[in-house]
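Here is how the chains run, residue by residue.
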Amino acid sequence: PRFDFSILAMKQIAKLRSPSPDRSSNSRALIVHPKFNGRHPIYQCLGSGKHYQQFQVVSIPGVNKPFVIHQNFQSSDENLGSILWKAGIAGASYITAWLKQQEKSRLTLLELGCGTSALVSQCASLHGAQCVMTDLPNVLEWAKANVKFNSSEQWKGREDFRFTVKQSPKSAIAPGLSARTLRWGELPDIKQLEEDRDVPNHFDVIVAADCLYATSEDSDLQDKLLFTLKRLLARGRTRLFISYVLRTGQEGVFIDTILPSVFPNYIVERIKNQEGVSRCVEMQCVNMLWFRPKNVEED
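Summarised in this report is the structure supplied together with it. (Residues numbered from 1 in each chain as written. Predicted model: local features only at pLDDT ≥ 70, side-chain atom pairs only at ≥ 80, totals over all residues. Heavy atoms only, no water.)

The helix and strand inventory of the chain stands at 8 helices and 9 strands. Looking at the chain residue by residue over its 299 residues, the buried ones come to 54%. Taking contacts inside the chain between residues at least 6 apart in sequence as the whole, the part at least 24 apart equals 70%. As presented, the chain carries roughly 14600 Å² of accessible surface, and 48% of it is formed by carbon and sulfur atoms. (Helix = DSSP H or I, 4+ residues; strand = E, 2+ residues; numbered from the N terminus. Buried < 20%, exposed > 50% of the residue type's maximum accessible area, 1.4 Å probe, protein only. Contact = heavy atoms within 4.5 Å. Areas by Shrake-Rupley, 256 points an atom, 1.4 Å probe, with all protein chains shown as cover.)

Given below as structure tokens:
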């Protein structure tokens, strides 16, 4: 995918990227009218709840510059991987705040179903984590384009830029951030990830931000997710972070009943303190939790 922005559009994005003191955490969007194909954009700012908008500009607390996310409504079936969802923004905000409190440097993080924005991975890599974002091949290509578009702006002028580049594998698409195809339940994809020398052989954290949207109604997809998690959590010291929106009511069954029955050595810890999460998210509709091994101490 290629972003065809005109000079005028880029100037407007630059304005949106300059947060005002009183609205630094608000999400705003630039709309480019499709009739003009980016040459003479007609733009307007809208709230983050408008799914049809072409761009979302979102600020994450702890990240100095907003992200410009180009949404692609044809990147996956039913548009599931095409949109920056609220639970993704909330997850990125929380993981950013959590990483800032960790004493261990260079934590490793794997993002499941990163979607078109890979927002969690982008934020985590900016805070020292070695990240691998994963999704379906067609979704991943669009996500990589979004990462590359934002990376140069986010890393501009940072003192740790060269060090992070040196620490990153040659296949990285941005400092501290790699991308791999991972179709849930597909053993070849999982084995390829496990055998990839450019990928960490152990992940401290696995993130699933808004990945429960269909598993509650699709038992086959649920089984595929559980199969994937069994392989990824097999070593027993990896934390799983989940953020989701309660849509069908079955998400709670998956969290409170199914996951503990499959992983008896793990416990569920719901996150109640959501301080630092972007104010552009209606937090009453987003749930976040840690699913951690019993032998790993609570933060």
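Once the structure has been displayed, the description carries forward.
Covered by surrounding structure in strand S1 (residues 55-58) are Phe55 and Val57 together with Gln56 and Val58, the residues of both alternating faces. In the sheet, S1 pairs with strand S2 (residues 67-70) via 4 bridges, with the strands oriented antiparallel. Counted as the bridge partner of Val57 is Val68 from S2. (Pairing = 2+ DSSP bridges.)

Here we come to the environment of Gln130. Residue position: Gln130 is located in strand S4 (residues 130-135). Separated by 24 residues in sequence, Gln130 and Arg106 place their C-alpha atoms 6.0 Å apart. When near neighbours in sequence (up to four residues on either side) are disregarded, Gln130 contacts Arg106, Leu107, Thr108, Leu109, Pro169, Gly176 and Pro200.

Let us look at the packing of helix H7 (residues 219-232) against helix H8 (residues 251-262). The interhelical angle for the contact between H7 and H8, taken along N-to-C directions, is 50°, at an axis separation of 11 Å. When the axes of H7 and H8 are compared, the pair comes out oblique. By crossing handedness, the relation of H7 to H8 is classed as right-handed. Seen from H7, the contacting residues are Gln222, Leu225, Leu226, Leu229 and Lys230; seen from H8, they are Phe254, Ile258, Leu259 and Val262. Residues belonging to the contact of H7 with H8 are distributed by class as follows: 7 nonpolar, 1 polar and 1 charged. (Axes fitted to C-alpha atoms, helices over the stretch in contact; angles between N-to-C directions. Parallel < 35°, antiparallel > 145°, perpendicular 65-115°, else oblique. Left-handed = near helix turned anticlockwise from the far one by under 90°. Nonpolar A, V, L, I, M, F, W, Y, C, P; charged D, E, K, R; others polar.)

What follows covers the side chain of Asn150. Here Asn150 lies in helix H4 (residues 137-155). A relative accessible area of 0% means that Asn150 is categorised as buried. Reaching out from Asn150, the side chain makes a polar contact with the backbone oxygen of Asn146 at a distance of 2.8 Å. (Polar contact = N/O pair within 3.5 Å; in protein donor to acceptor, adjacent residues only side chain to side chain.)

For the rest of this paragraph, the subject is the packing of aromatic side chains. In the structure shown here, the tally under the stated rule is 8 aromatic pairs. Taking the centre distance of 5.4 Å and the plane angle of 65° together, the rings of Phe241 and Trp290 count as edge-to-face. Residue Phe241 is located in strand S7 (residues 239-245), and its partner Trp290 is located in strand S9 (residues 286-293); the two are separated by 49 residues in the primary sequence. The same class applies to Phe241 as to Trp290, namely buried. Grouped by ring-pair contacts, the aromatic residues Tyr94, Trp98, Phe241 and Trp290 constitute a single cluster. When the ring centre of Trp155 is taken as origin, the NZ or CZ atom of Arg158, which lies over that ring, is 4.3 Å away. Sitting over the ring of Trp290, Arg239 keeps its end group 5.4 Å from the ring centre. (Phe/Tyr/Trp six-rings, centres within 6.5 Å; stacked < 30°, edge-to-face > 60°. Lys NZ or Arg CZ within 6 Å of the ring centre and 35° of its normal.)

Bringing the sheet that holds S9 into the picture now. With respect to topology, 7 strands assemble into an open sheet ordered S5-S4-S3-S6-S7-S9-S8, the strand pairing being mixed. Looking at strand neighbours, the two that pair on one side only are strand S5 (177-181) and strand S8 (266-270), the edges of this open sheet. Neighbouring strand axes in the sheet, compared pairwise and without regard to direction, differ in orientation by 20° on average. Of the strand pairs in this sheet, S8 and S9 are connected by 5 bridges, and their pairing is antiparallel. Directly across from Val268, in S9, lies its bridge partner Phe291. Against the sheet, helix H2 (residues 86-100) engages strand S3 (108-112), strand S6 (205-209), S7 and S9, with an angle of about 50° to S9.

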